[in-house]
Amino acid sequence: MSNSNSSPDFMLPVKRTTAGAALGFVDSELTKKHCTNFASATATSSAASSTFNMAGGDSINGNNGVSNGKAPIGGAQLEIDEDLHSRQLAVYGRETMRRLFASNILISGMQGLGAEIAKNLVLAGVKSVTLHDTGTVELWDFSGSFLFSEEDLGKNRALVSVPKLQELNNTVIISTITTELTKEQLSDFQAVVFTDISLEKAIEFDDYCHQHQPPIAFIKSEVRGLFGSVFCDFGPEFTVLDVDGEEPHTGIIASISNDNPAIVSCVDDERLEFQDGELVVFSEVLGMTELNDRKPRRIKNARPYSFTIEEDTSNYAGYERGGIVTQVKEPKVLKFKPLQQALKDPGDFLLSDFSKFDRPPLLHLAFQALDKFIVEVGRPPLAGSEEDAKKLIALLADINNSLPDGRLEEIDPKLIRSFAFGARAVLNPMAAMFGGIVGQEVVKACSGKFHPLFQFFYFDSVESLPTESVDPNDLRPLNSRYDAQISVFGSKLQKKLEDAKVFMVGSGALGCEFLKNVALMGVSCGDGGKLTITDDDVIEKSNLSRQFLFRDWNIGQAKSTVAATAASFINRRLNIEALQNRASPESESVFDDTFWENLSVVINALDNVSARLYIDQRCLYFQRALLESGTLGAKCNTQMVIPHLTENYGASRDPPEKQAPMCTLHSFPHNIHHCLTWARSEFEGLLEKTPTEVNVYLKKPSEYISAMKQAGDAQARDTLERVLECLDSDKCDTFQDCITWARLKFEDYFANRVKQLTYTFPEDAATNNGARFWSAPKRFPRPLEFSNQDLSHINFVMAGAILRAEAFGIPIPNWAKSSEKFAEAVDKVMVPDFLPKNNVRIVTDEAATSLATASMDDADVINELVMKLEACREKLAPGYKMNPIQFEKDDDTNYHMELVTGLANMRARNYSIPEVDKLKAKLIAGKIIPAIATSTAMATGLVCLELYKVIDGSHKIEDYRNTFANLALPLFSMAEPVPTKVIKYQDMSWSVWDRWILKGSPTLRELLQWLKNKGLNAYSISFGSCLLFNSMFPKHKERMDKKMVDLVKDVAKFELPPYRSHFDVVIACEDDEDNDVDIPQVSVYYE
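Before going into details, it helps to say that this report is about the structure given with it. What you are looking at is a predicted structure, and each value in this text was computed from that prediction instead of being measured.

Burial of the side chains of strand S13 (residues 297-300) is restricted to one face: Arg297 and Ile299 are buried, whereas none of Arg298 and Lys300 on the reverse face is. Pairing between strand S12 (residues 279-283) and S13: two bridges, direction antiparallel. Considered in S13, the bridge of leucine 279 is made with arginine 298. The pairing of S13 with strand S14 (residues 306-309) spans two bridges and is classified as antiparallel. Across the sheet, isoleucine 299 pairs through a bridge with isoleucine 309, a residue of S14.

Structure, rendered in structure tokens:
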């Protein structure tokens, strides 16, 4: 059967080429040997399937002209929409994305877990997803799946799932199978996922997949109440091409000994990350050039700044200087056991919580016992049925007793009872979590990127259950959309969820997932509940690959409004208000005291630390629980901030990122990151900051000049010089002027500056102590010679000229974007010869924070510049102004990234640093945070499992869990939160969570006496930076009978806002023995 896009029977989306995908494998013998993991086999598609025509929305039944066969290796490259997938590309890279685009996936079982897996894979952009389900939508399904609505009741689950999934990505072919599957149909797919299948059938299908050539990745996953499992079998031999997805570690060489074994030392700029036994390659080594043969060498004795290589270099040429050492990432072959064998011999289980190290073996048997129960009884155990729970426990005991070895000594009946009661329920937080895990495993199976789960993973969150025992009658269904959730938690907790008042900050990737989860959970869906969400951002194209509530027609609209509307469609009872305010001190009139005091919980869905710290402080102040989470590529973390139990988010912080010294960026770069940081800075200086300064000057010239004269320093001088250049020597009136400016910038940046640098510091230059100046990590630069035959040179000048024209409001002619015609215009530019100057000062001090150098005559120079500037201003047309250009990385038509990439790559070429393409440049210069849907889904699922505990309101700290997970490894690390530090004084105790409150608009004397009654002597009281009282100042005693509110107004000169009824003071106290006592912040109420 043909796999051609020209088939007359159906239409493929036009955005993506799917036929003949080149997968581009790593060229190594080991990889070639095992590349059959991803090899292709032409296969016919199955009957009883339906494929939806994305172009017109119609469906074609049957198998006419449809092929779900394996994608062939070789052929045309798949086109990747980098605007859409930039964040995902930052995680996977192009080769993995191309493999994904050629992958066909089957998902069997379209309840909550199947829906989550399908969503993540459709967002990832696989070639096709086939949904299989023979069942129909029930009210029971609504607790787990966002794909169903009341209108879908009684319809086939797979069929009704297609339209909403298709909206997520119209380039993915989504088809359905609604009849019983046969094992032969599995040959159509690279990976098959089963979420609702008997063990007997799973073994039959897995055996077929395991023995198939090439093997088909088989994944079985279940969510049963607060319990979940995953099993993976990727075949007899599966090659992992990249086990962790991290960039190869590198080091800059400082010396290499002529020894056996040779000792390699690296510069102490950064610690080496090499491990014993790893392979590395050498490059750019001068002297000992024998090591530049690109042959991988194994290292030993890895230290922070040195290692040895298993090689005799005694007879090699002596090391002179330079050199880079780079880690070689080795493929890894995994030998999976088929399910039938793995059930009996599971090997090591993947642990998630070390406090439950004995839990996986028990759950391994519990899931088998549940399968046996369903086979015998014809249904899962009923919620609240003690009889069913006892039967399940008995079945588990029988399986345990039948084991030849490795029997469990003890079975926890309470745990298995909870397992039995929730066995029929698919809870959305569990589905979201496992949907992220399984979705990532499918990506691994199709691409070889990241280490697969090997082979069983079991998880439970029984701590999420209410602390008080639930009456079995409270678990009975109420004929509501929450019945599945009620069967686990009871109707009392459900009522609490519905009446919760939630503040969600952010509606990006995390926010979309959270909104979906809470809508399905029924949070804020009752008469007394309300969810307030705020986000001041708008939707961009790059959001669509993971922020799944947004569609392409929403681009440019407010995120919070669109997300809230979409969430309301998931659950029409959701009481939600969408705002576009940034949560910050400036919006405290919107999010005032009353707002915060009425909240049940705060959920952060933010992407920056400063906003997180602000929300953390507000939650501390108002003693509200904060559920915090974040993602970075395949990694995610969650942190529970619970009043009076845990430390707050800001109590511990990561160390700040190491910044490259300014002299390194401007004169001595040694990696592409330095080049791109410099390029971004130059872009902003030339096109945003200087034009902005020009406009500020032209708007109020006298005030501007006065401010510059008053400053009178090197920075003011430099600023004036840039403004004068812009309005005088570098002023552009025609597009040819812009071309001239850009061409001369090329000469200045990449030829003249390098010539001056190497004139001041020749290649053989020495430092004051006699050492080589150009020693590692410094790289000796070479000037570039402009050539109109070099497209990268022309593209740099083109981007610079077009943006310069935009800044000056000059029309851009149509021919400007033609390389050939543009080159002709560039040839007209006269480039003056350059002569290096003596006594030029070039900053080499790594501690320097500015390149501007102070001078005794700065004031005189400033006066001269002002005179010239005023003369220029008089020649300008009335109302003249420039158009500052703000850097925007995600618009591929604006030439911003072309200029930044050109700046960085030409500079890299100066210093013999490997260049990068525009995408890599965008990721680095644009500071793009790598992001994928799978880790986001997992993080929000974990947080919502904690939300049950917060809303219940009576859990202890040992019930809560913070999590760090890395889906690439995979690694799951869950632990109790760190408890808050408690201060004890006499018979009192307090923590950072406490705030003392004094009402009744007290006087200063009354406040001091109030503290005295607590055994505290206050000697200093401050409001902000203003001192209201200090016992050392006699005059302050005159304030004793003044009301505190009047002191704030009269002394601090602070106008209290109308939405506040109190203010806060910081009080320094000591005890009767003159020992300082740190007390909480004190809030004084005056109304």
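Structure's up, so let's keep going.
For the rest of this paragraph, the subject is the sheet that holds strand S24 (residues 962-966). Pairing is mixed across the open sheet formed by eight strands, whose spatial order is S20-S19-S18-S21-S22-S23-S24-S25. Each having just a single partner strand, strand S20 (576-579) and strand S25 (971-975) make up the two edges of the open sheet. Shown here is a sheet whose adjacent strand axes are inclined to one another by a mean of 10 degrees, direction ignored. Across two bridges, the pairing between strand S21 (residues 601-604) and strand S22 (residues 626-632) is parallel. Bridge pairing in S22 places valine 602 opposite leucine 626. Helix H14 (residues 559-570) rests against strand S19 (530-534) and S20 of the sheet, and its axis sits at about 165 degrees to S20.

Our focus in this paragraph is the sheet that holds S13. Whether parallel or antiparallel, the strands of a sheet pair through hydrogen bonds between backbone atoms. Taken together, six strands build a closed barrel; the order of strands is S10-S11-S14-S13-S12-S15 and the barrel is antiparallel. With strand direction ignored, the average angle separating the axes of adjacent strands in the sheet is 50 degrees. Bridge analysis of strand S10 (residues 250-256) against strand S15 (residues 324-328) gives three bridges, and the strand direction is antiparallel. Across the sheet, the residue bridging to threonine 250 is threonine 326, located in S15.

Our focus in this paragraph is the packing of aromatic side chains. What the rule picks out here adds up to 49 aromatic pairs. Considering the side-chain rings of phenylalanine 194 and phenylalanine 205, the 5.3 Å spacing of their centres and the 35 degrees angle between planes classify their relative orientation as tilted. With a gap of eleven residues between them, phenylalanine 194 in strand S6 (residues 191-194) and phenylalanine 205 in helix H5 (residues 199-211) connect regions that are remote in the sequence. Three or more aromatic residues link up through ring pairs in this structure, and these residues are Phe194, Phe205, Phe218, Phe227, Phe231, Phe349, Phe367, Phe419, Phe456 and Tyr458. One Lys or Arg, arginine 995, reaches over the ring of phenylalanine 622 and ends 5.7 Å from the middle of that ring. Positioned over the ring face of tyrosine 1085 is lysine 999, at 5.5 Å from the centre of the ring.

The buried fraction of strand S18 (residues 501-505) is high, at four of five residues. Pairing between S18 and S19: five bridges, direction parallel. If you follow methionine 504 over to S19, its bridge partner there is isoleucine 533. With helix H13 (residues 509-521) bridging S18 and its parallel neighbour S19, the resulting β-α-β unit is right-handed. Of the strand pairs in this sheet, S18 and S21 are connected by four bridges, and their pairing is parallel. By the bridge assignment for S21, phenylalanine 503 is matched with valine 602.

Over its 18 residues, helix H24 (residues 858-875) runs 26 Å from end to end, which matches the ideal 26 Å to within 8%, given 1.5 Å per residue. The set of residues buried in H24 consists of Asp858, Ile862, Leu865, Val866, Leu869 and Cys872. Looking straight down H24, one finds its buried side chains confined to an arc of 125 degrees; they lie on one side. Exposed and oriented more than 90 degrees from the buried face of H24 are Asp860, Met867, Glu874 and Lys875. Turning to H24, the residues buried within the fold contact helix H18 (672-699), helix H19 (701-711) and helix H20 (714-727).

Reading the values: rules and limits
- Residues numbered from 1 in each chain as written.
- Predicted model: local features only at pLDDT ≥ 70, side-chain atom pairs only at ≥ 80, totals over all residues.
- Heavy atoms only, no water.
- Buried < 20%, exposed > 50% of the residue type's maximum accessible area, 1.4 Å probe, protein only.
- Helix = DSSP H or I, 4+ residues; strand = E, 2+ residues; numbered from the N terminus.
- Pairing = 2+ DSSP bridges.
- Axes fitted to C-alpha atoms, helices over the stretch in contact; angles between N-to-C directions.
- Contact = heavy atoms within 4.5 Å.
- Phe/Tyr/Trp six-rings, centres within 6.5 Å; stacked < 30°, edge-to-face > 60°.
- Lys NZ or Arg CZ within 6 Å of the ring centre and 35° of its normal.
- Right-handed = clockwise from strand over helix to strand, strands pointing away.
- Expected span 1.5 Å × (residues − 1).
- Arc of directions from axis to C-beta.

Nothing here speaks to function; it is all geometry.
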